[in-house]
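Commentary on secondary and tertiary structure
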There are 2 protein chains.
Amino acid sequence: MLGDRWSLLIIRDMMLRGFHTYKEFMECYEGIATNILADRLHKLVAYGIIASKPDLSDRRKLIYSLTAKGIDLVPVLTEMVLWAAAHEKTGNQALVRQMKSDKRKFLDGVRQQCALRDRG
Amino acid sequence: MLGDRWSLLIIRDMMLRGFHTYKEFMECYEGIATNILADRLHKLVAYGIIASKPDLSDRRKLIYSLTAKGIDLVPVLTEMVLWAAAHEKTGNQALVRQMKSDKRKFLDGVRQQCALRDRG
DNA sequence: AATATCACTTGCAATTAACAAGTGATATAT
DNA sequence: ATATATCACTTGTTAATTGCAAGTGATATT
């Protein structure tokens, strides 16, 4: 269900980088094909992990957001980022420091930001 | 790197079910092809997540074990199992209860068992 | 009215995975 | 000792998935 190359990346970047449109994913991921991105977004919607709603200020756009089920993946992604940071010298060091210093606080912070974006 | 259908399953079952031979994976996963299993095991060895050594009591066999890097994935897999249990009504309920009641203790227990198997 | 941007679809080639049938090394049964 | 079985794979071949290029229709901007 999340066992492919892109789904977890999409979720990670919605959580940690605030991505919420097709264009942001498309420009960010080198090598992702348009049809695959569309397919993954639709599947994530179908699985109930993300939701989409039209952007009222530009009706061409769709805004994607994490559902409660998606937000519950925050601990999974956090542990993944920590593991990668420990073993693969990659990623945002400031973020990793934040995760390590107070994991509970970090998790709650991300959850709250997701919820805010969803309502705003 | 872990973004495929089988790699995380293999790691999960080495951690939580004590799998350590080719045959165990082959018999357990409905639908995995022999070439794909061999490929994934080799890649996991190449990535330094698992290691293999010959079984001294039957020299046809290879025994796979998690490396330190692999054992560090325990928190990731644990969070995944918890997420799946919360949202997908699947999996070992006893295990999930254990994870929830004292996560720290559970993590240490799994790490210790992996280390024991590796030495034994 | 013309052009640009948005989130996609479609068609096709290339990559990857699944299935079936070996292979060589070792183990077991006769 | 010979025959058969089991082990961890390899080697084809077919089927499915992905990557790439070029659209498409709806909306937005100039």
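The structure under discussion appears in the preceding block.
In what follows, the accompanying structure is described. (Residues numbered from 1 in each chain as written. Chains lettered and ligands numbered in written order. Predicted model: local features only at pLDDT ≥ 70, side-chain atom pairs only at ≥ 80, totals over all residues. Heavy atoms only, no water.)

Here we look at the nonpolar core
- Core analysis: the biggest nonpolar cluster contains 72 residues, and Ile11 of chain A together with Ile11 of chain B have the highest contact counts within it.
- Ignoring anything within four residues of it in the chain, the contact list for Ile11 of chain B reads Leu2, Leu44, Ile49, Leu66, Leu73 and Leu77 of chain B. (Core = buried A, V, L, I, M, F, W, Y, C linked by side-chain atoms within 4.5 Å. Buried < 20%, exposed > 50% of the residue type's maximum accessible area, 1.4 Å probe, protein only. Contact = heavy atoms within 4.5 Å.)

Observations concerning the packing of aromatic side chains
Residues and elements named next belong to chain A.
- Enumeration over the complete set of coordinates arrives at six aromatic pairs over all chains.
- Between the aromatic rings of Phe19 and Phe25, the centroid separation amounts to 5.7 Å while the plane-to-plane angle is 70 degrees, which identifies the pairing as edge-to-face.
- A residue is classified by how much of its surface remains accessible, and Phe25, at 0% relative accessible area, is buried.
- The rings of Trp6, Phe19, Phe25 and Tyr29 are connected pair by pair, giving a single aromatic cluster. (Phe/Tyr/Trp six-rings, centres within 6.5 Å; stacked < 30°, edge-to-face > 60°.)

Overview of the protein's contact with DNA strand D
- Residues in contact with DNA strand D amount to 22 residues; listed here are only the nearest, Arg59 of chain A together with Lys23, Thr34, Arg60 and Tyr64 of chain B.
- Contact distances for DNA strand D include 2.7 Å between a base oxygen and a side-chain N or O atom of Thr34 of chain B.
- In the model, a base oxygen of DNA strand D is placed 2.5 Å from a nitrogen or oxygen of the Arg60 of chain B side chain.
- Among the secondary structure elements, those contributing two or more residues to the surface near DNA strand D are α3 (34-46) of chain A together with α2 (22-28), α3 (34-46) and β2 (62-66) of chain B.
- Of the residues in the surface near DNA strand D, the class split is seven nonpolar, seven polar and eight charged. (Near = heavy atom within 4 Å. Polar contact = N/O pair within 3.5 Å; in protein donor to acceptor, adjacent residues only side chain to side chain. Helix = DSSP H or I, 4+ residues; strand = E, 2+ residues; numbered from the N terminus. Nonpolar A, V, L, I, M, F, W, Y, C, P; charged D, E, K, R; others polar.)

Taken by themselves, the reported measurements are silent on function.
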